[in-house]
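Chain and residue survey
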Amino acid sequence: MNENSANGASRSGQCVEVAVRVRPFLPKEMLSGTNGVNGSTVGSVAIDKEYNAIQVTSASTTASFCFDHVLGPECTQDQMFARVLQSHTIGSGLTNQSEAHWGLIPRMLHEIFRKIEADKLDAQLHVSFLEIYGEDIHDLLLPITNTKTSRTPLNLRQDRSGVFVQGIREVPITSAHAALEQLRIGCMARITGSTEMNDSSSRSHAVYTLTLVQKTQRTQPDDATFVDTVTTISKFTFVDLAGSERYMIYTYQRFRYI
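Residues numbered from 1 in each chain as written. Predicted model: local features only at pLDDT ≥ 70, side-chain atom pairs only at ≥ 80, totals over all residues. Heavy atoms only, no water.

Counted according to the given criterion, the structure contains seven salt bridges. One salt bridge in this structure joins E111 and R114, with 2.7 Å as the shortest N-O distance. Highlighted residues: E111 and R114, both in helix α4 (residues 104-119), separated by three residues, approximately one helical turn. Residue classification places E111 among the buried positions, given a relative accessible area of 16%. Residue classification places R114 among the partly exposed positions, given a relative accessible area of 44%. Its salt-bridge partner being R218, residue D228 comes within 3.2 Å of it at the nearest N-O pair. You can see D228 sitting in strand β12 (residues 223-240) and its partner R218 sitting in strand β11 (residues 205-220), a full ten residues away along the chain. (Salt bridge = Lys/Arg side-chain N within 4 Å of Asp/Glu carboxyl O. Helix = DSSP H or I, 4+ residues; strand = E, 2+ residues; numbered from the N terminus. Buried < 20%, exposed > 50% of the residue type's maximum accessible area, 1.4 Å probe, protein only.)

See the structure below:
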């Protein structure tokens, strides 16, 4: 991605923007001189905030990448969350030491329920959690009564409204705590599934989706007595991509702090 295409996408009003936070090198990466991803030697990672770009220099090549937002290792979770939602007032209420390390999922959940309560919104929230292993899709929130029986793969379908997973379970939730509990249950199911397959769970992708359904009353400009109900559906999707360097035992912690 070059500078013009990245910045041009934002100016043209595209729905998708990309924000990248460059993390510090891990101690083992500093000692080994590798980035822990492809085993290549890392010379440096430079951040150019003026052009929202990062430059990665290895022993043999140098590559530059431009994005909508580039944040450095000094960026806090509060700042990252504010940047993602384009609001610098969000997240200021998290003062507890453990809350300060919360990632996007718990912050998003608490912000949604805070907004619902503060504005007295007529809203419902559902969560779904699936795993993609190879070409198979599994529902991580579907209870398994027999641990020796593997989950039945779900099918990907498409209709006029778009692409969807047929038969995926959507669990209604009424609090941020309940949503995080479903996240924990799904991660534990993912751990169990990887053990049964006798394979590394890091080879699978996990997709945690929040679906927010809001209903508002609207009157017609020419007839105040006519009240219409408008339903708005919003989706927030969080993805944990597969990575050979990761271990499944830490999945729940990663989801809580990403």
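In this section: the packing of aromatic side chains. In the structure shown here, the tally under the stated rule is one aromatic pair. The interplanar angle of 90° and the centroid separation of 5.4 Å between the aromatic rings of F129 and Y208 together place this pair among those described as edge-to-face. Taken as a pair, F129 in strand β6 (residues 122-133) and Y208 in strand β11 lie far apart in primary sequence, 79 residues in all. Judged by its relative accessible area of 0%, F129 is buried. The exposure class assigned to Y208 is buried, which follows from its relative accessible area of 0%. (Phe/Tyr/Trp six-rings, centres within 6.5 Å; stacked < 30°, edge-to-face > 60°.)

Once that is clear, we can look at unusual backbone geometry. Notably, N52 is not glycine yet its phi reads approximately 50°, a positive angle. Relative to the assigned elements, N52 resides in the loop between β2 (42-48) and β3 (53-58). Judged by its relative accessible area of 18%, N52 is buried. A positive phi angle, close to 50°, is found at K120, a residue other than glycine. Mapped onto the elements, K120 comes out in the loop between α4 and β6. The exposure class assigned to K120 is exposed, which follows from its relative accessible area of 74%.

This part takes up the environment of L109. In this structure, L109 sits in helix α4. Taking relative accessible area as the criterion, L109 reaches 0% and is therefore assigned buried. The spatial distance from the C-alpha of L109 to the C-alpha of L180 is 8.4 Å, given a sequence separation of 71 residues. If we skip the residues at most four places from it in the chain, L109 touches L125, A176, A179, L180, Y208 and L210. (Contact = heavy atoms within 4.5 Å.)

By the bridge criterion, five bridges tie strand β8 (residues 155-159) to strand β9 (residues 162-166) in an arrangement that is antiparallel. Opposite R157, over in β9, you have F164 as the bridge partner. Linking β8 to β9, which pair antiparallel, is a turn of two residues. (Pairing = 2+ DSSP bridges.)

Bringing the environment of Q166 into the picture now. As for its placement among the helices and strands, Q166 is situated in strand β9. Owing to a relative accessible area of 39%, Q166 belongs among the partly exposed residues under this scheme. It is 5.5 Å that separates the C-alpha atoms of Q166 and N155, two residues lying eleven residues apart in sequence. Among residues more than four places away in sequence, those in contact with Q166 are L154, N155 and R157. One polar contact links Q166 to R157, side chain to side chain, over a distance of 3.0 Å. (Polar contact = N/O pair within 3.5 Å; in protein donor to acceptor, adjacent residues only side chain to side chain.)

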